[in-house]
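# Architecture and fold: a report
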Amino acid sequence: MNASVFFIALRRMRAPLIVLIVIYALSTLGLTLIPGIDAEGRPAPPMSFFHAFYFVSYTASTIGFGELPGAFSEAQRMWVTVVIFLSVIGWSYSIISLLALVQDRGLQQVLLTGRFVRRVRQLGEPFYILCGCGETGLLIARALDRDGIRVVTIERNEGRIQELEIEDFSADVLALCGDAAQPQHLLMAGLKHRSCRGVLAITDDDAANLSVAIASRLMNPSLMVIARVASSSIEANMMSFGTHYVVNHFEKFADYLAQAIHSPNWYRLVDLLTGLPGQELPERHDPPAGDWVICGYGRFGQAVVRNLERQGVSLTVIDPDPNLSSSVHHIVGQGTEAEPLRRAGIETAVGIVAGSDHDTNNLSIAMTAKELNPDLFVVLRQNRIANQVLFDAYDADFTMVPSKIVARECLALITSPLLSRFFGLLRGWPDTRAEALAGQLEALCGRRVPLVWGVRLNAAEAPAVHQWLMMEQKPMALGRLRHDPAARTKTLPLMPLLLLRDGRDHQQPADEMLLQPGDQLLFAGTRAAKMAQNLVLDNRNVLDYVLTGQDAQGWLWSLLSRSGPVGDVGMQVRRK
């Protein structure tokens, strides 16, 4: 990198340096050829090369010590006058060229890239590489920063990087302006770094995401790779070479919509577990079963039709293409006018999906349909987060925002890998069981979206508990991890959702279940409860207090215990 800076500077300054060298050479040569005079005014030999070069050096740099070593002849003074003007021109040209070099975008990019590589190399804490920092990437970066997880991002749009720099992050987000599809940029971002934990390919270009996934799997197969995709064919391609998680936002939303129609309480539970922790619970909307109208038969519309038909929902598609597949009931039109909506049966339908790739058209479709049938359940596709104000003003029952769907899925996979496994098990639950768990979570977190996290009982993530299970050879019940470290008789606002042991799933494990080293647990609760539980998992003295009631830390722990409720104590210790 230093060599690149040197060669760029040398190439840009080549002409000014040549001009200065020529001026100095001619000036020195002239002084060695022009005769001088001695102290008595008699002709004297010309200056030596050494004295000539010495004189030109201090005169051309405008220092001007005088006529040395002796007074000059008239011819020498005439030549020195020419030398002075030539040197001023040469140095002016060189200084202007140097200023232009400092402002050169190529040189600035090389310097920034070198600084970026050095900072990535010096990272000591775990981090994720974020390929693409648009709407989705910014949501993920904010959430990971809030959880204390470092982010390194590659973004080809310089404007987005500048927006990233003015964000109020607790830790600097290292950003590289470049194409994430280029393997060398992934290496610069730390693809082979010992602290790198995964790569998120979430650009809006499926081909670029495919390139990132392939490069990551080839150059560092141990890393977790999460890729965003909208094309079913590219999704299949990614899965074929072992991409760990592929998030197709169209398919994911369509699946959720179909499940919400078939099992509304199941969707409510999923919505709670994947929402932004700490926010107010989202308002509940249960999509009704009956006839639905789908406006737009692109990739999103096709995904919706496939998933709704799987649930036995009757559908009518409105699309301007007259040559659609004969397998769907099709009305030619945009859906922004009343006539095609009436022909599609909007007045007797229970719901409509405005799913075109144009936000204004989707809002127009929804408003027109709502005038014809005020009882409609409206599902809107929002393509750009910049139009959030318009969609908030309309307040649809469901809004499909690709960036939010991808961000929620990625965050769930990073912060709680067991959550996707738990969702797979949820599909086999009866709706009543999902309703009961959703109600418990709502009550537990005080009408706030719960935080979901995973814990592995090993020496790295739970050193105190792992040591107890390995060394003490005494049983420990799961319920002990729910005790308040400030007052052991109280229970923390959290609940276990899943226990994974030896490949076997234990759903909603009871407090009496005995723990074993290596168990993987999935919890849901408040952020303060998680922080308090971290004390029990990490600190042996705190664990002893929770298990036995003996305060091994003496006056210091007593002081911490009297400092306030669990929320205050828990926030004093941040788990590394």
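Preceding block: the structure.
Residues numbered from 1 in each chain as written. Predicted model: local features only at pLDDT ≥ 70, side-chain atom pairs only at ≥ 80, totals over all residues. Heavy atoms only, no water.

## Looking at the overall build of the protein
Let me state the cut-off plainly: Under the scheme used here, helices are H or I runs from DSSP no shorter than 4 residues and strands are E runs no shorter than 2 residues, and both carry numbers assigned from the N terminus. Throughout, the radius of gyration refers to the C-alpha atoms, and the reference size of a globule is 2.2 Å times the residue count to the power 0.38. By definition in these notes, contact holds between two residues if any of their heavy atoms fall within 4.5 Å. When charges are counted, neither His nor the chain ends are considered; positive counts come from Lys and Arg and negative counts from Asp and Glu. Every charge is mapped onto a representative atom, which is NZ of Lys, CZ of Arg, CG of Asp or CD of Glu.
Within the protein one finds 24 helices and 20 strands. Rg of the C-alpha trace for the protein: 35 Å, well past the compact-globule value of 25 Å for 576 residues, more than 25% over. Considering only C-alpha atoms, the protein reaches an extent of 120 × 80 × 40 Å along its principal axes. Here the contacts in the protein between residues at least 6 apart in sequence split such that 65% fall between residues at least 24 apart. Across the protein, the 53 positively charged side chains and the 57 negatively charged ones have centroids separated by 7 Å.

## A look at the packing of helix 20 (residues 463-472) against helix 21 (residues 527-538)
Stated precisely, the cut-off is as follows: The convention used is that axes are lines fitted to C-alpha atoms, helices contributing only their stretch in contact, and that angles between N-to-C directions extend from 0 to 180 degrees. Should an angle fall under 35 degrees it is called roughly parallel, over 145 degrees roughly antiparallel, and 65 to 115 degrees roughly perpendicular, with every other angle called oblique. Residues are sorted three ways: Asp, Glu, Lys and Arg are charged, Ala, Val, Leu, Ile, Met, Phe, Trp, Tyr, Cys and Pro are nonpolar, and all the rest, Gly among them, are polar.
Where helix 20 contacts helix 21, the two axes come as close as 4 Å, and the packing angle between them is 40°. As judged from the angle between their axes, helix 20 and helix 21 are oblique. Taken together, the residues of helix 21 that come into contact with helix 20 (itself represented by Pro-463, Ala-464 and Val-465) are Val-536, Leu-537 and Asp-538. Each residue belonging to the contact of helix 20 with helix 21 can be placed in one class, and the counts come to five nonpolar, no polar and one charged.

## Side note on the pairing of strand 10 (residues 314-319)
Note the cut-off: Classification of residues uses two cut-offs on accessible area relative to the type maximum, computed with a 1.4 Å probe and protein chains only: under 20% is buried, over 50% is exposed, and between them is partly exposed. Here a strand pair is declared whenever DSSP counts at least two bridges between the two strands. For a crossover, the right-handed case is the one in which the path from the first strand over the helix to the second runs clockwise, viewed with the strands pointing away from the viewer.
Counting buried positions along strand 10 yields five of six residues, so the element is predominantly enclosed. Judged from the five bridges that link them, strand 9 (residues 291-295) and strand 10 form a sheet pairing that is parallel. Residue pairing across strands places Val-293 opposite Thr-316, the latter belonging to strand 10. One crossover worth recording links strand 9 to the parallel strand 10 by way of helix 13 (residues 299-310), and it is right-handed. Pairing analysis gives three bridges linking strand 10 to strand 11 (residues 330-332), with the strands arranged parallel. Across the sheet, residue Ile-318 finds its bridge partner in strand 11, namely Ile-331.

## Thoughts on the side chain of Ser-97
Inspection of the secondary structure puts Ser-97 in helix 4 (residues 74-102). For Ser-97, a relative accessible area of 15% gives the class buried. Not counting residues up to four positions away in its chain, the partners in contact with Ser-97 are Met-13 and Pro-16.

## Thoughts on unusual backbone geometry
One non-glycine residue, Arg-447, adopts positive backbone phi at about 60°. As for its position among the elements, Arg-447 is in the loop between helix 19 (431-444) and strand 15 (451-456). For Asp-502, which is not glycine, the phi dihedral falls at a positive 55°. Checked against the element boundaries, Asp-502 lands in the loop between strand 18 (494-501) and strand 19 (504-507). Asp-502 gets classed as exposed once you look at its relative accessible area, which sits at 73%.

## Regarding the packing of aromatic side chains
Using the following cut-off: Two aromatic rings, drawn from Phe, Tyr or Trp (for Trp, its six-membered ring), form a pair once their centres lie within 6.5 Å of each other, and the interplanar angle then sorts them: stacked below 30 degrees, edge-to-face above 60, tilted otherwise. Two limits define a charge over a ring: the Lys NZ or Arg CZ must be within 6 Å of the ring centre, and within 35 degrees of the ring normal.
Applying the stated criterion across every chain, the model contains twelve aromatic pairs. Centre to centre, the rings of Tyr-54 and Tyr-58 are 5.1 Å apart; their planes meet at 75°, and the pair counts as edge-to-face. Of this pair, Tyr-54 and Tyr-58 both sit in helix 3 (residues 49-60), separated by four residues, roughly a single helical turn. Look at Tyr-54 and you get partly exposed, because its relative accessible area is 39%. The structure contains a cluster of three or more aromatic residues connected by ring pairs, namely Tyr-256, Trp-266, Tyr-267, Trp-292, Phe-377 and Phe-398. Arg-433 extends its terminal NZ or CZ atom over the ring of Trp-429, reaching a point 3.9 Å from the ring centre.

## Description of the pairing of strand 7 (residues 224-229)
For strand 7, the tally of buried residues reaches six of six residues, placing the bulk of the element in the interior. Across the two faces of strand 7 the burial is the same, with Met-224, Ile-226 and Arg-228 and Val-225, Ala-227 and Val-229 all buried. The sheet contact formed by strand 6 (residues 196-201) and strand 7 spans four bridges and is parallel. Residue pairing across strands places Ala-201 opposite Ala-227, the latter belonging to strand 7. Following the backbone out of strand 6, through helix 9 (residues 206-219) and into the adjacent parallel strand 7, one traces a crossover that is right-handed. Looking at chain direction, strand 7 and strand 8 (residues 245-248) are connected through four bridges and run parallel. Across the sheet, Arg-228 pairs through a bridge with Val-247, a residue of strand 8. Following the backbone out of strand 7, through helix 10 (residues 232-240) and into the adjacent parallel strand 8, one traces a crossover that is right-handed.

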